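Analysis of the macromolecular model
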Amino acid sequence: EAGVAQSPRYKIIEKRQSVAFWCNPISGHATLYWYQQILGQGPKLLIQFQNNGVVDDSQLPKDRFSAERLKGVDSTLKIQPAKLEDSAVYLCASSLFAGPQHFGDGTRLSIL
Amino acid sequence: AQKITQTQPGMFVQEKEAVTLDCTYDTSDQSYGLFWYKQPSSGEMIFLIYQGSYDEQNATEGRYSLNFQKARKSANLVISASQLGDSAMYFCAMRKTSYDKVIFGPGTSLSVIP
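So, here's what we can say about the structure. The structure displayed is predicted, hence computed values, not measured ones.

**Regarding the overall build of chain B**
Per the secondary structure count, chain B includes 0 helices and 12 strands. Along chain B, from the amino end to the carboxyl end, the secondary structure elements read β-β-β-β-β-β-β-β-β-β-β-β. Its C-alpha atoms give chain B a radius of gyration of 14 Å, within 12% of the compact-globule value 13 Å for 114 residues. Principal axes of the C-alpha set define a box for chain B whose edges measure 40 × 25 × 20 Å. Out of the 114 residues in chain B, the part that is buried amounts to 48%. Considering only contacts within chain B whose residues lie at least 6 apart along the sequence, 54% involve residues at least 24 apart. Roughly 5,500 Å² of accessible area belongs to chain B as shown, and the carbon and sulfur atoms make up 49% of that amount.

**Let's talk about the interface of chain B and chain A**
In this complex, chain B contributes 17 residues to the contact, which on the side of chain A involves 24 residues. Where chain B touches chain A, the interface holds 1 salt bridge. A salt bridge links Lys 101 of chain B to Asp 56 of chain A; the shortest N-O distance between them is 3.8 Å. Here chain B is connected to chain A by 4 residue pairs in polar contact (both at pLDDT 80 or more). For the side of chain B that touches chain A, the leading source of residues is strand β5 (residues 33–39) of chain B, giving 3 residues. Counted by class, the side of chain B that touches chain A contains 9 nonpolar, 4 polar and 4 charged residues.

**Quick word on the sheet that holds strand β3 (residues 19–24) of chain A**
Residues and elements named next belong to chain A. Strand order in the open sheet formed by 4 strands is β1-β3-β8-β7, and the pairing between neighbours is antiparallel. Here the strands that pair on one side only, and so sit at the sheet edges, are β1 (5–7) and β7 (65–68). Averaged over all neighbouring strand pairs, the angle between strand axes comes to 15 degrees, with direction disregarded. Where β7 lies against strand β8 (residues 75–79), 4 bridges are found, and the strand directions are antiparallel. The residue of β8 that forms the bridge with Glu 68 is Thr 76.

**Section: the pattern of salt bridges**
By the definition in use, this model includes 5 salt bridges over all chains. Put simply, Lys 62 of chain A and Asp 57 of chain A hold a salt bridge, and the shortest N to O gap is 3.7 Å. Judged by its relative accessible area of 25%, Asp 57 of chain A is partly exposed. The shortest N-O distance in the salt bridge between Arg 63 of chain B and Asp 86 of chain B comes to 2.8 Å. Of this pair, Arg 63 of chain B sits in the loop between β7 (60–61) and β8 (64–69) while Asp 86 of chain B sits in the loop between β9 (74–79) and β10 (88–95), placing them 23 residues apart in sequence. What makes Arg 63 of chain B partly exposed here is its relative accessible area of 23%. On the accessibility criterion, Asp 86 of chain B (2% relative accessible area) is buried.

**Concerning the packing of aromatic side chains**
Centre distance and the angle of the planes are the two values used to describe a pair of aromatic rings. A full pass over the atoms with the stated rule returns 14 aromatic pairs over all chains. Ring centres of Tyr 35 of chain A and Phe 103 of chain A lie 5.7 Å apart, and the angle between their planes is 40 degrees; this geometry places the pair in the tilted category. Pair noted here: Tyr 35 of chain A is in strand β4 (residues 31–37) and Phe 103 of chain A is in strand β10 (residues 102–103), with a separation of 68 residues, a long-range link. Between Tyr 35 of chain A and Phe 104 of chain B, the ring centres sit 5.4 Å apart and the planes meet at 85 degrees, which makes this aromatic pair edge-to-face. Of the two residues, Tyr 35 of chain A is situated in strand β4 and Phe 104 of chain B in strand β11 (residues 102–104); the pairing between them involves two chains. By the burial criterion, Tyr 35 of chain A is buried, and Phe 104 of chain B matches it. Counting every residue linked through ring pairs, the aromatic cluster contains Tyr 33, Tyr 35 and Phe 103 of chain A together with Phe 35, Tyr 37, Phe 47, Tyr 50, Phe 91 and Phe 104 of chain B. When the ring centre of Tyr 64 of chain B is taken as origin, the NZ or CZ atom of Arg 63 of chain B, which lies over that ring, is 5.7 Å away.

What counts as what
Residues numbered from 1 in each chain as written. Chains lettered and ligands numbered in written order. Predicted model: local features only at pLDDT ≥ 70, side-chain atom pairs only at ≥ 80, totals over all residues. Heavy atoms only, no water. Helix = DSSP H or I, 4+ residues; strand = E, 2+ residues; numbered from the N terminus. Rg over C-alpha atoms; globule rule 2.2 N^0.38 Å. Buried < 20%, exposed > 50% of the residue type's maximum accessible area, 1.4 Å probe, protein only. Contact = heavy atoms within 4.5 Å. Areas by Shrake-Rupley, 256 points an atom, 1.4 Å probe, with all protein chains shown as cover. Salt bridge = Lys/Arg side-chain N within 4 Å of Asp/Glu carboxyl O. Polar contact = N/O pair within 3.5 Å; in protein donor to acceptor, adjacent residues only side chain to side chain. Nonpolar A, V, L, I, M, F, W, Y, C, P; charged D, E, K, R; others polar. Pairing = 2+ DSSP bridges. Axes fitted to C-alpha atoms, helices over the stretch in contact; angles between N-to-C directions. Phe/Tyr/Trp six-rings, centres within 6.5 Å; stacked < 30°, edge-to-face > 60°. Lys NZ or Arg CZ within 6 Å of the ring centre and 35° of its normal.

Structure, rendered in structure tokens:
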């Protein structure tokens, strides 16, 4: 089966610019997650979707980050405006009910 | 609140030897799941092994086994016969219920020495 697809793999922007990441989960996986992983740390959950509804977004900086999952399949995470501290790898994962998470390759974001 | 602790920031092991990576967790719930993931330097997160809180036997997957001690709230990963390709970051994670968020620990960096 095809894995979790993410794009782009790398993105370099200047602070105060906007950026968007795209994720296509494994077919049939109802749960989709976006994580932020800063170098040397474990992943931090930004938002979790169950189909197209939000289960948890308690750690999403809502003044600058937004995410949507239209039709309960693929998802987009946006940052506007970006800050220097947003430099990180953004990981998307999906899972079946109660199953392990399967991760995409991530997007490495650098803010100049 | 749930919390995962991995007390070993870095570990070294000789090739072909076994190594144990520690993980302790804090939860007041009786039902939860524990996961271990591997993250090589290339960045992808790879699922290794899962243990449910009600599973009576320790989970095993090939060279990976989980030493689950529920009363001590520990879920240590044991890697047998280490290989050079095992050099990576290892993350312990926990999920309270099927729809709950997954909490990750800070990770342990494992280096396998030839």
